[in-house]
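Now for the letters of each chain:
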Amino acid sequence: MSEQAQKPVDPIPNMEDKWYWEGADRGEFLGERCTECRAFRHPPRPMCPHCHSLGREHVALSGKGVVDSWVTPVHPRSFGFDTPPLVVLVMLEEGYRVIANLLDVAPEDVAMGMPVSVDFQETSGGRKLPVFRPLG
Amino acid sequence: MGFNGRDVAIVGIGHTEYSKNSGRSELQLAAECSLAALQDAGIEPADVDGMVTFTIDNNDETGLCRCLGVRDLAYTARVPGGGAGSVATLQHAAAAVSSGIADTVVIWRAMNERSQYRFGQPSAGGASTAGVGASSLMSAIPYGAQSPGSWLALSAQKYMHTYGVTNRDLGLVSVLQRAYAANNPDAWFYGKPITLEDHQNSRWVVEPILRLLDCCQESDGGVALVVTSLERARDLQQKPVRILAASSSLPTNNEVITNFYRDDLLEMTESRMVAPRIFRQAGLSPADMDVAMFYDAFTPAVLMQIEAFGFCETGAAKDLLADGFGQIDSALPFNTNGGLIGEAYVHGMNSIIEVVRQLRGTSHNQVAGAQLGLATSGPAGAILGVD
């Protein structure tokens with residue numbers, strides 16, 4: 001859970017989400033918002049489903065949310081992890097879910113609705129992944 | 001009737017043996033199962049004029065036409081969504097025949113997804129290509145959620161937590177289906193029933209949701225069906241099985257398998273959308289169904305489909321199962337071939353032909369007097385009936 005000899009694999013960006021991973025490299029946790037109607041959307045996409053604007057901006061989020069789901073993939077062993085990772089869906093304060101790892105918690109101590117905040121973890125290729133830790 | 005043109009029927013079914021190492025190419029499996037289905041129907045392979053399959057099949061129509069000696073293929077369709085599209089193949093075949101743009105449509109699926117590759121294990125990006133429907137899949141990879149089981153478990157956790165569904169509850173599905181498989185000579189687990197204790201003693205695959213015995217198999221094999229007009233079906237050698245309704249749904253912000261971003265994780269929104277549509281098309285209700293096949297890649301999806309297709313309230317499937325729902329003498333026997341868990345995982349298609357067998361009266365676990373059957377694959381559903 002804490003010290004790993006292996007590091008997670010690098011993100012695999014695409015044309016729509018590369019800003020998310022590039023923001024993480026800079027230590028920023030970003031979300032995508034429509035420049036016209038200001039609605040957040042996730043996963044990222046070129047058009048707002050509400051007003052159909054092509055305007056998109058990537059803004060700093062609070063980095064806070066609550067655990068909405070969690071699992072530990074045990075078999076097959078996950079690439080990039082010495083021990084099975086704790087994978088979570090976090091419901092962000094901004095109202096949508098992201099997938100990430102939750103650090104510093106044993107799986108048996110995770111609870112639905114547990115408050116968490118964002119941090120960043122280095123990958124094997126020297127990039128950074130948004131991850132979460134318990135708040136407070 | 002859900003199709004405005006000609007009435008439509010399934011007139012042939014065929015499959016190869018289900019194994020872990022077929023020892024031959026996926027194209028050969030496709031050719032063998034398609035020929036078997038055409039021979040079952042008594043239709044000349046040269047006369048096939050339509051073909052339907054779904055994404056993540058490595059075979060091309062061209063290769064299969066060459067094997068079968070198809071003269072003039074007038075219609076093809078490849079449904080998105082991988083296994084979620086399996087039941088939707090019936091929608092496309094039926095629409096083609098009903099409208100008259102094709103007369104004889106072969107639906108096929110053929111895979112060496114155990115011996116040639118490992119379908120349930122991490123692969124280098126193949127599952128993220130267009131048409132699979134898992135468009136956010138790659139963002140899960142660096143976090144160690146790299147297998148279909150891990151993605152399904154993530155989306156099932158909140159449902160189970162909210163309604164108090166335990167892994168032991170899920171075991172009821174596995175035990176039921178392995179009992180059916182144990183009596184089905186075609187099944188990989190023929191003669192091998194399990195107990196709930198066996199289920200509880202199997203190792204975790206994705207803790208705390210899925211044990212080994214909550215997961216479908218990886219199988220080699222091929223399955224095919226032949227669809228034509230009901231009028232023609234009545235002159236053929238098999239008892240026609242009518243396609244009374246078939247439809248599918250892709251709701252906003254849904255995905256296949258990595259379905260984390262929909263508004264409500266407590267329900268299968270896609271099934272909730274398609275269920276009323278097929279029952280309305282057929283002029284029937286869930287209570288009319290004599291038998292069902294629910295897509296069972298992983299056990300939680302069975303409970304959520306039982307609920308979404310209208311057999312009980314959300315969260316109540318575990319109690320229904322505990323009361324014997326699904327057993328051969330219950331209100332709705334389901335996955336009577338053993339399902340994808342017990343018979344084989346030919347990406348859903350082997351369960352669709354089990355509905356046909358039930359309505360012909362030829363299942364190894366025959367439901368007495370079955371007249372109407374339901375097939376579901378999450379976002380797709382179909383209602384079949386005797387003529």
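Worth saying up front: this structure is predicted, and the values here are computed from it rather than measured.

Basis of the calculations
- Residues numbered from 1 in each chain as written.
- Chains lettered and ligands numbered in written order.
- Predicted model: local features only at pLDDT ≥ 70, side-chain atom pairs only at ≥ 80, totals over all residues.
- Pairing = 2+ DSSP bridges.
- Helix = DSSP H or I, 4+ residues; strand = E, 2+ residues; numbered from the N terminus.
- Axes fitted to C-alpha atoms, helices over the stretch in contact; angles between N-to-C directions.
- Contact = placed C-beta atoms within 7 Å.
- Buried ≥ 20, exposed ≤ 12 C-beta atoms within 10 Å, placed from the backbone.
- Nonpolar A, V, L, I, M, F, W, Y, C, P; charged D, E, K, R; others polar.

*Asks:* Would you mind showing me how to read the sheet that holds strand S3 (residues 75-79) of chain B here?
*Replies:* All names here are of chain B. Read from one edge of the open sheet, 9 strands run S3-S2-S4-S7-S1-S8-S11-S10-S9, paired in mixed fashion. The open sheet has two edge strands, S3 and strand S9 (291-294), and neither has a second partner. Strand-to-strand, the axes of this sheet are offset by a mean angle of 25 degrees, without reference to chain direction. Note: strand S1 (residues 8-15) against strand S7 (residues 220-229), 7 bridges, orientation antiparallel. Of the residues in S7, the one forming a bridge with Val8 is Ser229. Across the face of the sheet, helix H3 (residues 88-99) comes into contact with S1, strand S2 (50-54), S3, strand S4 (105-112), S7, strand S8 (241-248) and strand S11 (380-386) while running at roughly 115 degrees to S8. Packed onto the sheet, helix H8 (residues 269-282) meets S8, strand S10 (372-376) and S11 and runs at close to 145 degrees relative to S8.

*Asks:* Is there a simple way to explain the pairing of S1 of chain B in this structure?
*Replies:* The two faces of the sheet receive side chains in turn, since in a regular strand these alternate between them. Residues and elements named next belong to chain B. Of all 8 residues making up S1, 8 are buried, and the element is well covered by its neighbours. Where S1 meets S8, 2 bridges bridge the pair, whose relative direction is antiparallel. Bridging from a neighbouring strand, Ile10 pairs with Val241 of S8.

*Asks:* Looking at this structure, I do not really get the sheet that holds strand S1 (residues 30-34) of chain A. What am I missing?
*Replies:* Consider a sheet: its strands pair through backbone hydrogen bonds, and that pairing is either parallel or antiparallel. Residue and element names in this part refer to chain A. Sheet architecture is open: 3 strands sit in the order S2-S1-S3, paired in antiparallel fashion. Either end of the sheet is taken by a strand with one partner, and the two such strands are strand S2 (40-41) and strand S3 (56-60). Across 5 bridges, the pairing between S1 and S3 is antiparallel. Within the sheet, the bridge partner assigned to Glu32 lies in S3 and is His58.

*Asks:* Would you mind going over the environment of Leu54 of chain A with me for this structure?
*Replies:* All names here are of chain A. Locating Leu54 in the fold gives a position in the loop between S2 and S3. Its 10 C-beta neighbours within 10 Å are what place Leu54 among the exposed residues. Separated by 18 residues in the primary sequence, Leu54 and Glu36 have C-alpha atoms spaced 8.8 Å apart. Look past the residues within four positions of Leu54 in its chain and what remains in contact with it is Pro46 and Met47.

*Asks:* Help me understand the interface of chain B and chain A in this model?
*Replies:* One widely used convention gives an interface's size as the accessible area the parts lose upon coming together. Facing 30 residues of chain B, the contacting portion of chain A comprises 34 residues. Those elements that provide at least two residues to the side of chain B that touches chain A are helix H4 (148-163) and strand S5 (204-207) of chain B. At 6 residues, H4 of chain B tops the list of elements feeding residues into the side of chain B that touches chain A. Split into classes, the residues belonging to the side of chain B that touches chain A amount to 16 nonpolar, 11 polar and 3 charged. Of the pairings in the sheet, the one linking strand S4 (residues 64-73) of chain A to S5 of chain B comprises 2 bridges and is antiparallel in character. From the neighbouring strand, Pro73 of chain A faces S5 of chain B, where its bridge partner is Val206 of chain B.

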